[in-house]
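# Descriptive structure summary
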Amino acid sequence: MAMSFSLKAIVATAMLGLAGFAIAHGNVTPQQVDTGNLPELGDDVRIENPFREGNELGEYNAQAIKIGESAYAGNCAACHGIRAMSGGLTPDLRELTEWDDEYYIGRVMNGTDRGMPSWKESMDQNAMWAIRTYVESLPKPE
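Residues numbered from 1 in each chain as written. Predicted model: local features only at pLDDT ≥ 70, side-chain atom pairs only at ≥ 80, totals over all residues. Heavy atoms only, no water.

Right, let's get into the side chain of Asn126. Along the chain, the position of Asn126 falls in helix 5 (residues 125–137). Here the side chain of Asn126 touches Leu41 through a polar contact of 3.1 Å, landing on its backbone nitrogen. Filtering out sequence-adjacent residues up to four positions away, Asn126 remains in contact with Thr35, Leu38, Pro39, Glu40, Leu41 and Phe51. (Helix = DSSP H or I, 4+ residues; strand = E, 2+ residues; numbered from the N terminus. Polar contact = N/O pair within 3.5 Å; in protein donor to acceptor, adjacent residues only side chain to side chain. Contact = heavy atoms within 4.5 Å.)

Written out as structure tokens, the structure reads:
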């Protein structure tokens, strides 16, 4: 059965659109993050979330969650999904454990060769750890 010209054009257009979507993955314009009154973490890279309850700056947990939610929405949700519910193309950040802090900060700061940009020039540690704190506050996937 021969495919009509218009059906071929629709299929070709759809495939081109999907290819463009795949190429665009990771192409995010960084949004500035207002870290409010969170204590300045400095330049030395932390390898553990300081805003996690029970950690050094755990008393700022609720504030970090609020800041992290906004920062995540503007900088991460396009690829990692709303409320960190990945559609499968990117890792589900809710599955990270506290033991993955060093992995997390390394990926956020340096990016990956699979499309995630480096954020170290556009986001400070306060914002990065606030995002991590927000993601940790979300329910784990079932």
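A word on unusual backbone geometry. A positive phi angle, close to 55 degrees, is found at Arg83, a residue other than glycine. Mapped onto the elements, Arg83 comes out in the loop between helix 3 (77–80) and helix 4 (101–110). Of note in this structure, Ala84 is not a glycine but carries a positive phi near 65 degrees. Mapped onto the elements, Ala84 comes out in the loop between helix 3 and helix 4. For Ala84, a relative accessible area of 0% puts it in the buried group. (Buried < 20%, exposed > 50% of the residue type's maximum accessible area, 1.4 Å probe, protein only.)

With respect to the element layout, Asn75 can be found in helix 2 (residues 61–75). A relative accessible area of 5% means that Asn75 is categorised as buried. Reaching out from Asn75, the side chain makes a polar contact with the backbone nitrogen of Gln31 at a distance of 2.6 Å.

Attention now goes to the nonpolar core. Counting residues in each nonpolar core, the largest one holds 27 residues, and the members touching the most others are Phe51, Tyr72, Tyr104, Met128, Ile131 and Val135. At the level of secondary structure, the elements contributing two or more residues to this core comprise helix 2, helix 4 and helix 5. Not counting chain neighbours up to four residues away, the residues in contact with Tyr104 comprise Leu96, Met128, Trp129, Ile131 and Arg132. (Core = buried A, V, L, I, M, F, W, Y, C linked by side-chain atoms within 4.5 Å.)

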